[in-house]
Amino acid sequence: MLDKTYRPGEVESKHYRNWEETGAFAAHPQSDAKPYTIMMPPPNVTGSLHMGHALTFTLQDILTRYHRMKGRDTLWQPGTDHAGIATQMVVERQMAAEKLTRHDLGRDKFIERVWEWKAQSGGTITGQLRRLGASPDWARERFTMDEGLSRAVRKVFVDLYKQGLIYRDKRLVNWDPMLHTAISDLEVVQKEEKGHMWYLRYPVEGEPGRHIVVATTRPETMLGDTGVAVHPADDRYRDLVGKRVRLPIVDRLIPIVADEYSDPEKGTGAVKITPAHDFNDFEVGRRQSLPMINILDRDARINENAPAAYRGLDRFEARKKVVEEFEALGLLEKIEPHVLQRPYGDRSDVVIEPWLTDQWFVDAKTLAKPAIEAVETGRTRFVPRHWENTFFEWMRNIEPWCISRQIWWGHQVPAWYGPDGTYFVELTEEEAAAAALTHYGKAVPLTRDPDVLDTWFSSGLWPFSTLGWPDKTESLARYYPTDVLVTGFDIIFFWVARMMMMGLHFMGDVPFREVYIHALVRDEKGQKMSKSKGNVIDPLNLIDQYGCDALRFTLAALAAQGRDIKLAESRVEGYRNFATKLWNAARFCQMNECRPVAGFDPASATEQLNRWIAGKVTDAARRIGQAVEGYRFNDAANAAYQFVWNSFCDWYLEFAKPVLQGADGAAKTETRATAAWVLDQILHLLHPFMPFITEELWQQLGEGTRGHDLIGASWPDLSFEDPKAEAELDWLVRIVSAIRAVRSEMNVPPSARVPLLVKGAGAESLRRIETHREAIVTLARAASIDLADGAQAVKGAVQVVIDEATVLLPLADFIDVAQEKARLAKEIAKLDVDIDKVGKKLGNEAFIAKAPPEVVEEQRDKLNEWSVARAKLSEALERISSL
């Protein structure tokens, strides 16, 4: 017998251990089944499970478990990312407690220390994924720094270099002055801050008293200015184009150039150009052939390219000094308060500097072309479709990709330098030495490039490197290209685009046929979760409190396409109650001897009730399956919820109680078998969403007769329908629901037994009333149900129309009519205020233009919800007013 209460903590680890030990998650490359492949976005090896992980891995697991049950040879490829900077910082912090730096150890010893840390602590995230119920093929787990993937990285680098698609260049990068490395855009956090806009006067050469005024938020960079740009169509400056200004402090003559980058409507219309310290200025500098003067060192201190008085100053100290000197020279026009977005390193939390430095770059523009074409022609499809526009926007405007990082942990660049700086890019040091010998005509000492590669470089190879490339493996041939990638929108460019470029270039095909982009998980108020706001929800805490299945089902139920998830703990609690409802229903079935019958065929049932519920199972399986395959996870979860909670628990089991407790032996036997069969189908349908409770019930209800675990079962392939039974029982549900709704609207006490009178019923409705009289009276909490005298008016009665019949509920003696009218009027008035407020907001063009799309959508949803609620209340008020 099932325990009275379901205790998830007692069963989750038991079932997960069994699944993993029995190989339930394994792919079967030798099978004849059609493969279904998902690449797990590798979480950082330093990571801990957060709510974003919980969402993406739950959705991936739902797809994996569903397609496994559909008979596909599923491979959900797991692994972790070496997370270069993040991991190095973790280990360096650990060493700092021992008063050590990585330089004390040296590179090789430090790398050994990182591997030691990985062995001890690197499995945290994968252990937590197991707690979430994730079912990837763990035996195939990869790490972006393991030998196989490292070999793939080296080959890709060398091949791209020899094809002219990787090169070394001096360009601007995001420079972290604390970590002393270039970082990617994804590792830069923009923070809104209150700053200033300084307006500086630059004297025009040969025209005493004439100045050109430029505005800047970073006055210290003027020390590196090499030009001033004005728009070619700006009449104010037309006569100055081609002339020069004398750069104050530095005393350098710099040209005034015409360039469309300058916006005549913004500021003064003239822009100072510092090519070595601003990304836009860098492009202007290249177009106008301006010198690039780097005035900062790696610590963001002023270097030897600035006047002596500034050398060695921190950038912010230099800023203060520049402003003071401009003021002293009478060249400071004005200072205005200014709100700006300032870039910070997400790890170091220091202001990032655009810095001119020698780095390795990928010719991303060339590699992007086939990727753009693949999406344009539908070889890869984005869901929701509008994310294709984001993909195109980024890819069509792609810049050279800086792939080198000045840290130690990562894939070291396979390049070796000779004595004169000539570099040799080869797979091994031996091959580099051979190339150097050919070049120099003699053996020379070589020094390996100390830089490592951007983490996104190795993870960009993930879909094929994990399958054995560059070797032509069986797995590579079978599982590439993959079926779908499930990921968040924030890494479409950083990861999705990289995989598209690399996959097409090295495999000749797209890495995935579909890309499902899910939204963000926010707090219940729609705020982004952050430690500083104190609104972070820990998924592991929710699992401890409510069980893994409750969290998974919540995330699926809220995962509407294109809509951010507002997560409240109360929602998880609500779906924990759903798990409890399922458990109690199973317990009820067990107590009433509803045991699975081998070979049961619902088509053999003769009772309309049993044929009705069998048809509802068919409909639920179809709707859930279609929704999962269309990545409409919320529709799938809601279809499952409505069927289980409403059709099965609230209606079927209630209708079945008199049969199970009655004297008709044949009806009782059939209903027991049907209930057990339906419950089994429910366990199948819910398993991808709620794997633990369904596996537990499957095993306990089977009483040792199952022969296999539920995870290895097939998805229900059902076709039974009985339109006649469906119409009959749906009518019964509608009449009882309508009567219950009126009782609820009118605040009729639950204990009140109201007599029901029926007018205008046709022959079929009369037959149904007679057939189901007992069920209607019991479930509608009625005293009776009788035909009304057509000629006699029923005083104080509320009417409910069901098809051609009208059901009368004489309520005047059961409620305080005046009090209820006042209550309903008050609720309607409150809704009118809310509806008016939101209506005005949605009618405001400025609001629509400025508000994020999800906020506008949310307001529209509220308006619809409140309008529907008001209509129902108005209908109730109209009814009660007629009493």
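That block above? That's the structure.
Owing to the predicted nature of the structure, the values given are computational and were not obtained by experimental measurement.

J.: Let's hear about the nonpolar core: which residues, and what values?
T.: Among the nonpolar cores identified, the biggest contains 147 residues, and Met51, Phe553, Ile624, Phe648 and Phe689 are the most heavily contacted of them. Counting residues per element, this core draws most heavily on helix H21 (residues 633-660), at 16 residues. By size, the runner-up hydrophobic cluster in this structure holds 62 residues, among which are Trp360, Trp462, Trp495 and Val515.

J.: Let's hear about empty space enclosed by the protein: which residues, and what values?
T.: By the definition in use, this model includes 2 cavities of 30 Å³ or more. Computed from the structure, the largest cavity encloses a volume of approximately 40 Å³. What lines the largest cavity is simply Cys594, Pro596, Ala676, Leu679, Asp680 and Leu701. Broken down by element, the lining of the largest cavity gets its largest block of residues, 3 residues, from helix H22 (residues 665-686).

J.: Describe in detail the sheet that holds strand S10 (residues 244-247), supporting the description with residues and values.
T.: Taken together, 4 strands build an open sheet; the order of strands is S10-S11-S9-S12 and the sheet is mixed. What marks the edges here is a single partner per strand, and that holds for S10 and strand S12 (270-273). This sheet shows a mean twist of 30° between the axes of neighbouring strands, independent of strand direction. In the sheet, S10 pairs with strand S11 (residues 252-258) via 4 bridges, with the strands oriented antiparallel. Within the sheet, the bridge partner assigned to Val245 lies in S11 and is Ile254. Contacts from helix H8 (residues 279-288) reach S11 and S12 within the one sheet, and its direction differs from that of S12 by about 85°.

J.: Kindly report on the side chain of Arg171, identifying the contributing residues and their values.
T.: Tracing the backbone shows Arg171 in strand S5 (residues 166-176). Discounting chain neighbours no more than four positions away, the residues touching Arg171 are Phe282, Glu283, Arg286, Trp355, Leu356, Thr357, Phe361, Glu399 and Pro400.

J.: Please set out unusual backbone geometry residue by residue, giving values where relevant.
T.: The phi torsion of most residues other than glycine is negative, and most of the peptide bonds are trans. That bond from Trp469 to Pro470 is cis: its omega, 15°, falls within 30 degrees of zero. Of note, Pro470 is situated in the loop between helix H14 (462-465) and helix H15 (474-479). The phi dihedral of His180 falls on the positive side, at around 60°, and the residue is not glycine. By the secondary structure assignment, His180 is in the loop between S5 and strand S6 (181-183). Classification of His180 by relative accessible area gives buried; the value is 18%.

J.: Which residues make up the pattern of salt bridges, and what values do they have?
T.: Summed over the entire model, instances satisfying the criterion amount to 71 salt bridges. Put simply, Asp239 and Arg210 hold a salt bridge, and the shortest N to O gap is 2.8 Å. A residue pair is termed long-range when its members are at least 10 positions apart, and Asp239 in the loop between strand S9 (227-230) and S10 and Arg210 in the loop between strand S7 (188-203) and strand S8 (211-216) qualify at 29 residues. Since its relative accessible area comes to 41%, Asp239 is described here as partly exposed. One salt bridge in this structure joins Asp861 and Arg563, with 2.6 Å as the shortest N-O distance. In this pair, Asp861 sits in helix H29 (residues 853-881) while Arg563 sits in the loop between helix H18 (548-558) and strand S25 (565-567), placing the two residues 298 residues apart along the sequence. The class of Arg563 is partly exposed, set by a relative accessible area of 29%. Here the salt bridges do not stand alone but share partners, grouping Glu207, Arg210, Asp239 and Lys243 into one network.

J.: Please provide a residue-by-residue account of the sheet that holds S8, values included.
T.: As summarised here, the arrangement of the 3 strands in space is S8-S7-S13, forming an open sheet in which the pairing is antiparallel. The outermost strands of the open sheet, each flanked by one partner alone, are S8 and strand S13 (332-345). Along the sheet, successive strands turn relative to each other by an average axial angle of 20°, direction set aside. Pairing geometry for S7 and S8, over 6 bridges, is antiparallel. The residue of S8 that forms the bridge with Trp198 is Thr216.

J.: I'd like a rundown of the packing of helix H20 (residues 608-629) against H21, residues and numbers included.
T.: Between H20 and H21, whose axes approach to 8 Å, the crossing angle comes to 170°. Comparing their axes, H21 and H20 come out roughly antiparallel. Contact residues: H20 offers Leu609, Asn610, Trp612, Ile613, Lys616, Val617, Ala620, Arg623, Ile624, Ala627 and Val628, while H21 offers Phe633, Asp635, Ala636, Ala639, Ala640, Phe643, Ser647, Phe648, Trp651, Tyr652, Phe655 and Ala656. Residues of the contact of H20 with H21, tallied by class, amount to 18 nonpolar, 2 polar and 3 charged.

J.: So what about the packing of helix H24 (residues 723-745) against helix H25 (residues 763-771)? Which residues, and what values?
T.: Their axes nearest at 11 Å, the elements H24 and H25 cross at an angle of 70°. Taken as axis vectors, H24 and H25 run roughly perpendicular relative to one another. Between H24 and H25, the contacting residues are Ala727, Glu728 and Trp731 on the first element and Glu764, Ser765, Arg767, Arg768, Ile769 and Thr771 on the second.

J.: So, the environment of Asp137: which residues are in play, and what are the values?
T.: Positionally, Asp137 belongs in the loop between helix H6 (124-131) and strand S4 (142-143). Measuring from C-alpha to C-alpha, the distance between Asp137 and Arg448 comes to 37 Å, with 311 residues separating the pair along the chain. Aside from chain neighbours lying at most four places away, what touches Asp137 is Phe25, Ala26, Ala27, Leu75, Trp76 and Pro78.

J.: Run through helix H5 (residues 107-121), naming residues and quoting values.
T.: For an α-helix the count is 3.6 residues per turn, leaving residues at separations of three or four pointing the same way. The end-to-end C-alpha separation of H5 is 21 Å, in line with the 21 Å expected for 15 residues at 1.5 Å each. Turning to H5, its buried residues number three or more, namely Arg107, Phe110, Ile111, Arg113, Val114 and Trp117. For H5, the angular spread of buried residues about the axis comes to 155°, placing them on one side. Exposed side chains of H5 directed beyond 90 degrees from the buried face belong to Asp108, Lys109, Ala119 and Gln120. Buried residues in H5 make contact with helix H3 (84-96), helix H4 (102-105) and strand S21 (452-453).

J.: Please set out the pairing of strand S29 (residues 805-810) residue by residue, giving values where relevant.
T.: For S29, a buried count of 6 out of 6 residues is recorded, marking the element as mostly surrounded by other parts of the structure. Burial of the side chains of S29 extends over both faces: Ala805, Val807 and Leu809 are buried on one face and Thr806, Leu808 and Pro810 on the other. Sheet analysis places strand S26 (residues 754-759) next to S29, joined by 3 bridges and oriented antiparallel. Bridging from a neighbouring strand, Leu757 pairs with Leu808 of S29. Pairing between strand S28 (residues 797-802) and S29: 6 bridges, direction antiparallel. Bridge pairing links Gln799 to Leu808 in S29. Hairpin connection between S28 and S29: a loop of 2 residues separates the two successive antiparallel strands, and Asp803 in this loop has a positive phi of roughly 55°.

J.: Quick one: what's the story with the packing of aromatic side chains, residue by residue and with numbers?
T.: Counted under the stated rule, the structure contains 43 aromatic pairs. Each ring, one from Phe424 and one from Tyr440, has its centre 6.0 Å from the other, and the planes form 65°; the classification is edge-to-face. With Phe424 in strand S19 (residues 423-425) and Tyr440 in helix H12 (residues 429-440), this pair connects stretches of sequence that are 16 residues apart. Owing to a relative accessible area of 8%, Phe424 belongs among the buried residues under this scheme.

J.: I'd love a proper account of the pairing of S5, names of residues and values included.
T.: Where S5 lies against strand S14 (residues 353-362), 10 bridges are found, and the strand directions are antiparallel. Along S14, the bridge assignment pairs Val173 with Trp355. Linking two consecutive strands that pair antiparallel, namely S5 and S6, is a turn of 4 residues; a positive phi of about 60° is found at His180 within it.

J.: Run through the environment of Met51, naming residues and quoting values.
T.: Along the chain, Met51 falls in helix H2 (residues 51-69). When near neighbours in sequence (up to four residues on either side) are disregarded, Met51 contacts Val521, Met529, Ile537, Asp538, Pro539, Leu542, Leu551, Leu555 and Leu567.

Calculation criteria
Residues numbered from 1 in each chain as written. Predicted model: local features only at pLDDT ≥ 70, side-chain atom pairs only at ≥ 80, totals over all residues. Heavy atoms only, no water. Core = buried A, V, L, I, M, F, W, Y, C linked by side-chain atoms within 4.5 Å. Buried < 20%, exposed > 50% of the residue type's maximum accessible area, 1.4 Å probe, protein only. Helix = DSSP H or I, 4+ residues; strand = E, 2+ residues; numbered from the N terminus. 1 Å grid on protein atoms, 1.4 Å probe; cavity = no way out; pocket = protein on both sides within 12 Å on 5 of 7 lines; lining within 4 Å. Points joined across faces, edges and corners; volume = space filled by probe spheres on them. Pairing = 2+ DSSP bridges. Axes fitted to C-alpha atoms, helices over the stretch in contact; angles between N-to-C directions. Contact = heavy atoms within 4.5 Å. Salt bridge = Lys/Arg side-chain N within 4 Å of Asp/Glu carboxyl O. Parallel < 35°, antiparallel > 145°, perpendicular 65-115°, else oblique. Nonpolar A, V, L, I, M, F, W, Y, C, P; charged D, E, K, R; others polar. Expected span 1.5 Å × (residues − 1). Arc of directions from axis to C-beta. Phe/Tyr/Trp six-rings, centres within 6.5 Å; stacked < 30°, edge-to-face > 60°.

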